[in-house]
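Chain residues, written in single-letter form:
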Amino acid sequence: MSSLGSKLILGLGRILSFLREYVLSQLAGRISIALLAFLVIMSIYALVSLPPSFPVEWTQPQAWEMYPPNAPPEWAWILGYPCLKHVMENLAQHRYSIIQTSGGIDLSYTYTYTLPEGLNRVPSNILVLVKDLQIPRGTTNINIILTVRRPDNYTYTLISYTTPVSPNTSYISTTLRLSSEMLARDIVNQYLQERGWLINSLSILGSLQELIFKKVTEVSPAGIVVNSTILPGDYLFKLDIVYSGVYTPPITVAKELTLVIFGTCYGLMGTDYLGRDLYMGLLYGFPIALAIGLSVAILSTAIGVLAGIVSGFYGGLIDEGIQRTVDVMGNIPLLPILVLIATSVQASQFIAQIQDPVAKGWTLLSIILIVLVVFGWPGLAIIIRSFTLSIKGEQYVEAARALGAGSRRIMFRHILPQLTPYILASLVLSTPSAIIAEAGLAILGISHGLPTWGGILADARTKGYITYWWWIFPPGILITITSMAFIFLGLALETYAEPRLRGSRS
């Protein structure tokens, strides 16, 4: 076995022995290890499962138009929420029937949707996502029609899309929305007039989507729909793709022909005001939170330790210069400075020139982290300096100096190891501070736009949805769990930094 392998095994053994002696031997240590394992596993799962383009999609509202906005999670029915299932059915995976017409062919897909009884909710919207619809050579135009046959056998036209096709067109991708004109015509002409009710179609424009799934029970003499009730049962949706000028269907019709019937609940954690899946946003927040906390803690601790050792060991002008810098930095209020700097950077020409929203978000977040590092080391430097002044007077340091050891060797081979317990505890306890600072700045309006836990909380505040518990509690709980993981670890490491505590916390 190579010497490098032996060193790695020896180092791993020392780490395991350290964890067993100082962390796992205490309740706080065991809790912290469990929480940290959860955070690390979720971070790895997020990096593996989420697509690399997820931060870009998070900033694009059109990427989430197929999801219901402000929807609680699907399990909210346990709490009494009337949850109507959100349907996203790719009809391209269904079998279709072919109807020959005088001018071409009609490919017809069907899907049956059941509106349950006793649930006082109806779908709020319907749309069809068409992706890579193949256009056979010779097609002159294409017509896409979505109709629905209700349980009472009335049929409404929901979508009617017609477009000419140029000879060079091979595929069509588009999002089709409800046609208010066609829907109002069918409801007024077919349904209401057959029942002897004369109404102005303009008066029902605001309730067309609801009337798809309702039966009208009363109309005022002025022609206004007064009462309507939900019509439960099976709704047969029929999507027709009509090709003009060709009589043979393409081998593969489309990559996606997704019929979306908007429900009232969605997913494991619900959605926000744009319909963004909060589960995905929260999942992406795991690696971001750890990266923020650990990067700021490691850098600020390294600077503080280096400044403290150099200041205490050399003394004189070097000590004076470092201590006066620490005094100035330590007396500057961090939060107002952070808000001021971040606001200035947000409005700066430098940020405005960045067109990519993700690059802009990372740039702004990096600046915030740099400010946290710059203002995060002075307190540690003062304490490390005090320890250094005490240690450098020890006999073994004097002996090393007498044997010709240089200043650098004395500082990093004889003094620094004595500071390790305190440095380790300080590093662990400063990690949650950076995570909380980032979240706090986002809530105060310094948002970078990336899907972080603080960013999700900030969106709830700025958009006025702080009463939506599924939007508020999960990111707050995750921030708390992350902070508690490091705080428990810091408590466990106190026995390493202060041996007199051993035995009192086991």
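Here the structure is a predicted model, which is why all the values come from computation and not from measurement.

Cut-off values and rules
- Residues numbered from 1 in each chain as written.
- Predicted model: local features only at pLDDT ≥ 70, side-chain atom pairs only at ≥ 80, totals over all residues.
- Heavy atoms only, no water.
- Helix = DSSP H or I, 4+ residues; strand = E, 2+ residues; numbered from the N terminus.
- Rg over C-alpha atoms; globule rule 2.2 N^0.38 Å.
- Buried < 20%, exposed > 50% of the residue type's maximum accessible area, 1.4 Å probe, protein only.
- Contact = heavy atoms within 4.5 Å.
- Areas by Shrake-Rupley, 256 points an atom, 1.4 Å probe, with all protein chains shown as cover.
- Disulfide = S-S within 2.5 Å.
- Pairing = 2+ DSSP bridges.
- Phe/Tyr/Trp six-rings, centres within 6.5 Å; stacked < 30°, edge-to-face > 60°.
- Lys NZ or Arg CZ within 6 Å of the ring centre and 35° of its normal.
- Expected span 1.5 Å × (residues − 1).
- Arc of directions from axis to C-beta.
- Axes fitted to C-alpha atoms, helices over the stretch in contact; angles between N-to-C directions.
- Lys, Arg positive; Asp, Glu negative; His and termini not counted.
- Salt bridge = Lys/Arg side-chain N within 4 Å of Asp/Glu carboxyl O.
- Core = buried A, V, L, I, M, F, W, Y, C linked by side-chain atoms within 4.5 Å.
- Parallel < 35°, antiparallel > 145°, perpendicular 65-115°, else oblique.
- Nonpolar A, V, L, I, M, F, W, Y, C, P; charged D, E, K, R; others polar.

Peer 1: Quick one: what's the story with the overall build of the protein chain, residue by residue and with numbers?
Peer 2: Along its length, the protein chain carries 15 helices and 11 strands. The C-alpha atoms of the protein chain give a radius of gyration of 32 Å, which is well past the 23 Å a tight globule of 506 residues would have. Across its three principal axes, the protein chain shows a C-alpha extent of roughly 105 × 55 × 50 Å. Across the 506 residues in the protein chain, those meeting the buried criterion constitute 44%. Of the contacts formed within the protein chain by residues at least 6 apart in sequence, a portion of 74% connects residues at least 24 apart. Accessible surface for the protein chain amounts to roughly 25300 Å². Of this, 61% is attributable to carbon and sulfur atoms.

Peer 1: Before we move on, could you go through the state of the cysteines and cite the residues and values that matter?
Peer 2: Overall, the coordinates contain one disulfide when judged by the stated rule. Across the disulfide, Cys83 is cross-linked to Cys265 (sulfur-sulfur distance 2.0 Å). An S-S torsion of about -75° defines the bridge between Cys83 and Cys265 as left-handed. Of this pair, Cys83 sits in the loop between helix 3 (54-58) and strand 1 (87-90) while Cys265 sits in the loop between strand 11 (256-261) and helix 6 (278-314), and the two are 182 residues apart along the sequence. For the pair shown, Cys83 and Cys265 are each scored as buried.

Peer 1: Lay out the pairing of strand 4 (residues 126-134) with the relevant residues and their values.
Peer 2: With six bridges connecting them, strand 4 and strand 11 associate as antiparallel partners. Following the sheet pairing, Ile126 is matched in strand 11 by Ile261. Bridging between strand 4 and strand 7 (residues 171-177) involves six bridges; their strand directions are antiparallel. Bridge pairing in strand 7 links Leu127 to Arg177.

Peer 1: How would you explain the packing of aromatic side chains if you had to name every residue and give the values?
Peer 2: Applying the stated criterion across every chain yields a total of 22 aromatic pairs. Aromatic ring contacts, followed pair by pair, group Trp75, Tyr81, Tyr273, Tyr465, Tyr468, Trp469, Trp470 and Trp471 into a single cluster. A cation over an aromatic ring shows up here: Arg276 above the ring of Trp58, its NZ or CZ 4.3 Å from the ring centre.

Peer 1: A description of helix 7 (residues 316-330) should follow, citing residues and the corresponding values.
Peer 2: Because the α-helix completes a turn every 3.6 residues, residues three or four places apart line up on one side. Compared with an ideal rise of 1.5 Å per residue, which puts 15 residues at 21 Å, helix 7 spans 21 Å between its outermost C-alpha atoms and is within 8% of the ideal. Listed as buried for helix 7 are Asp319, Ile322, Gln323, Val326 and Met329. What you see down the axis of helix 7 is that its buried residues fit within an arc of 125°, all on one side. Residues of helix 7 that are exposed and point more than 90 degrees away from the buried face comprise Leu317 and Val328.

Peer 1: Could you give me a rundown of helix 14 (residues 453-462), with the residues and numbers involved?
Peer 2: With eight of 10 residues buried, helix 14 is to be regarded as a mostly interior element. Two residues or fewer after helix 14 comes Gly464, characterised by a positive phi angle close to 80°.

Peer 1: Go over the sheet that holds strand 2 (residues 97-100), please, and point to the residues and values.
Peer 2: Read from one edge to the other, the open sheet built from five strands follows the order 2-3-10-5-6, with strand pairing classed as antiparallel. Looking along the sheet, the strands with just one partner apiece sit at the ends: strand 2 and strand 6 (155-164). Strand-to-strand twist across the sheet, computed as the mean angle between neighbouring axes with direction ignored, equals 20°. When strand 5 (residues 141-149) meets strand 6, the two strands line up antiparallel, connected through nine bridges. Bridge pairing links Thr147 to Thr157 in strand 6.

Peer 1: Outline the side chain of Asp106, listing residues and values.
Peer 2: Structurally, Asp106 can be placed in strand 3 (residues 104-115). Within the buried set, Asp106 has no salt-bridge partner at all; the shortest N-O distance to an opposite charge, 5.1 Å, is to Lys238.

Peer 1: Mind laying out the nonpolar core, listing which residues take part and the relevant values?
Peer 2: In this structure, Leu50, Phe54, Phe286, Ile368, Leu372 and Trp453 are the most contacted members of the largest nonpolar core, which totals 72 residues. Sorting elements by how many residues they give to this core places helix 6 first, with 12 residues. Sequence-distant contacts of Leu372, defined by excluding residues within four places in its chain, comprise Val296, Leu334, Leu338, Ala434 and Ala437.

Peer 1: Which residues make up the packing of helix 12 (residues 395-402) against helix 13 (residues 407-443), and what values do they have?
Peer 2: With their axes 11 Å apart at the nearest point, helix 12 and helix 13 run at an angle of 170° to one another. The pairing of helix 12 with helix 13 is recorded here as roughly antiparallel in orientation. Of the residues in helix 13, those in contact with Tyr396, Val397, Ala400 and Arg401 of helix 12 are Ile410, His414 and Gln418. Here the contact of helix 12 with helix 13 is composed, by residue class, of four nonpolar, two polar and one charged.

Peer 1: Explain the sheet that holds strand 1 to me, and be specific about the residues and the numbers.
Peer 2: Within the open sheet, the four strands sit side by side as 1-11-4-7. Their pairing is antiparallel. On the outer flanks of this sheet lie strand 1 and strand 7, each paired with one strand and no other. Each neighbouring strand pair of the sheet contributes to a mean axis angle of 10°, computed without reference to strand direction.

Peer 1: How would you sum up unusual backbone geometry? Please name residues and give values.
Peer 2: For Asn70, which is not glycine, the phi torsion reads 55° and is therefore positive. With respect to the helices and strands, the residue Asn70 is situated in the loop between helix 3 and strand 1.

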